[in-house]
Amino acid sequence: MTWLTDVHIHLSDDVYFDDIPNILVSMERMKIRACCVSMDFQTCQKTLDLSKKSKLVLPFLGIHPGKASENIEPVSELIIRHYKEISGIGEIGLDNTYTGAIDSLRRQEMVFNTLLALAEKLKKPVSIHSRRSLDKILSILSSYKIRGILLHWFDGSKKQLRDAMDMGCYASFGPVMVYAKDKQVLLSKTDPDKILVETDGPVKFSRCFELKNAQISFIPSVVFCASKVLSKTYDELSIELEQNCKQYLGI
Ligand SMILES: [Zn+2]
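Presented here is an overview of the structure given in this document. Small disclaimer: the values here were computed from a predicted structure and weren't measured.

Assigned secondary structure in the chain consists of 10 helices and 10 strands. If you line up the chain on its principal axes, its C-alpha atoms span 45 × 40 × 35 Å. Evaluated residue by residue, the chain yields a buried proportion of 45% over its 251 residues. Put simply, 70% of the contacts in the chain that link residues at least 6 apart link residues at least 24 apart.

If you want it as C-alpha cells, here you go:
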C-alpha cells in the first residue's frame, strides 16, 4: 500500500488537541503522513512537539500572513536552531483580505521575504498561502532559488496556474475540489508531476463534509475524486502523489 501525504494541515490547532493521540494512531493505520504547518511562534513550538511524538508529523515552521505583526526573530531563531529536524518552512505568504492598510501589507511582504531567504539558505521547501496575491507572490518568488515551492489551496486563474507551473511550483488541492467544478478544472490543468493533496484542517468544508473540521481522514476522498477528474485509478494517482511529494520535500 502506498503512503499518502496531507501536505498542508494545522495539527497544532487547539481544535485537535484532545484527539492528538487518536489522530497519530490513525495516521499510522491509514498510512497517511502530514506536513504540519505553523502560524506563529506558539504554534511553531507545538508543531515541533508533535513531530517528536510521531515521525509521521513532518514539521513546517513559519509565520502566516494573518500573523505578520508578530515578532519575526523568535521564529527565525527557532527555524535555524531546528533546521535539521524541520521538513520545511510554512505557512508563509501574503493575503490582502486580512488588511488593506499599506503598512500592514508591507509588513507581510517583509516577513514573507525574510522567511523565503531563510528557506533558500537552509535549502528547505516552502508552503505558501497566496489568497488574492498570486501575481505578487510569483513575482517575489522569481528572485529566490527554492526547490520545493507549494502554492497551497491553489485558487488562481488558469493563466496564473500556467505561470506557476512554468516556475516549477507545486499546487495542492483539498476537500473543496471534491464538490467545486472550478477547482476540478484547475486540477486537470496542473502538470501531473506538480499535483499534491491537502486538507488545510481545521478549516470546515461544506456539502458532503457537513461543516466538520477537516481531518486527515478526508485525504482518501480527495485522492479518490482527483483520480476520477484525471481519469486514473486511485492506486495510480496515489503512486504519482507519493513521487510528487518526495520531490517537493526533497527526500
Ligand atoms: Zn493553512
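Alright, that's what it looks like, and here's the rest.
Okay, the pairing of strand β4 (residues 88-93) next. Within β4, six of the six residues are buried, leaving the element largely enclosed by the surrounding structure. With two bridges joining them, strand β3 (residues 57-61) and β4 adopt parallel strand pairing. Following the sheet pairing, Phe 60 is matched in β4 by Gly 88. Where β4 meets strand β5 (residues 126-129), four bridges bridge the pair, whose relative direction is parallel. Paired with Ile 92 across the bridge in β5 is Ile 128.

A few words on unusual backbone geometry. In the segment running from Gly 90 into Glu 91, the intervening peptide bond is cis, with an omega of 10 degrees. Checked against the element boundaries, Glu 91 lands in strand β4. Of note, the bond from Gly 201 into Pro 202 is cis; its omega dihedral lies within 30 degrees of zero at 10 degrees. Among the structural elements, Pro 202 can be located in the loop between β8 (195-197) and β9 (204-205). Phi at Lys 31 takes a positive value of approximately 60 degrees, unusual for a residue other than glycine. Tracing the chain through its elements places Lys 31 in the loop between α1 (20-30) and β2 (32-36). With phi around 50 degrees, Arg 132 is a residue other than glycine that occupies positive phi space. With respect to the helices and strands, the residue Arg 132 is situated in the loop between β5 and α5 (134-141). By C-beta crowding, Arg 132 is classed as exposed, having 12 other C-beta atoms within 10 Å.

Let us now look at the packing of helix α3 (residues 72-81) against helix α4 (residues 102-122). Here α3 crosses α4 at 15 degrees, and the two axes come no closer than 11 Å. For the element pair α3 / α4, the angle class is roughly parallel. As for the relative orientation of α3 and α4, their crossing is right-handed in sense. Between α3, through Ile 72, Ser 76 and Ile 79, and α4, the contact on the second element is made entirely by Val 111, Thr 114 and Leu 118. Split by residue class, the contact of α3 with α4 holds four nonpolar, two polar and no charged.

Let us look at helix α8 (residues 181-188). Here α8 has its buried residues at Lys 183, Leu 186 and Leu 187. Down the axis of α8, the smallest arc covering the buried residues is 100 degrees, so these residues share one side. In α8, the exposed positions angled more than 90 degrees off the buried face are occupied by Lys 181, Asp 182 and Ser 188. Looking at the buried side of α8, the elements it contacts are α6 (158-166), β7 (170-173), α7 (175-179), β8 and α9 (219-229).

A few words on the sheet that holds β3. With respect to topology, eight strands assemble into an open sheet ordered β1-β2-β3-β4-β5-β6-β7-β8, the strand pairing being parallel. In this open sheet, the two edge strands, each paired with only one partner strand, are β1 (4-9) and β8. Going from strand to strand, the sheet's axes swing by 30 degrees on average, the running direction of each strand aside. Sheet topology places β1 next to β2; four bridges connect them, and they run parallel. From the neighbouring strand, Ile 9 faces β2, where its bridge partner is Cys 36.

Rules and cut-offs
- Residues numbered from 1 in each chain as written.
- Predicted model: local features only at pLDDT ≥ 70, side-chain atom pairs only at ≥ 80, totals over all residues.
- Helix = DSSP H or I, 4+ residues; strand = E, 2+ residues; numbered from the N terminus.
- Buried ≥ 20, exposed ≤ 12 C-beta atoms within 10 Å, placed from the backbone.
- Contact = placed C-beta atoms within 7 Å.
- Pairing = 2+ DSSP bridges.
- Axes fitted to C-alpha atoms, helices over the stretch in contact; angles between N-to-C directions.
- Parallel < 35°, antiparallel > 145°, perpendicular 65-115°, else oblique.
- Left-handed = near helix turned anticlockwise from the far one by under 90°.
- Nonpolar A, V, L, I, M, F, W, Y, C, P; charged D, E, K, R; others polar.
- Arc of directions from axis to C-beta.

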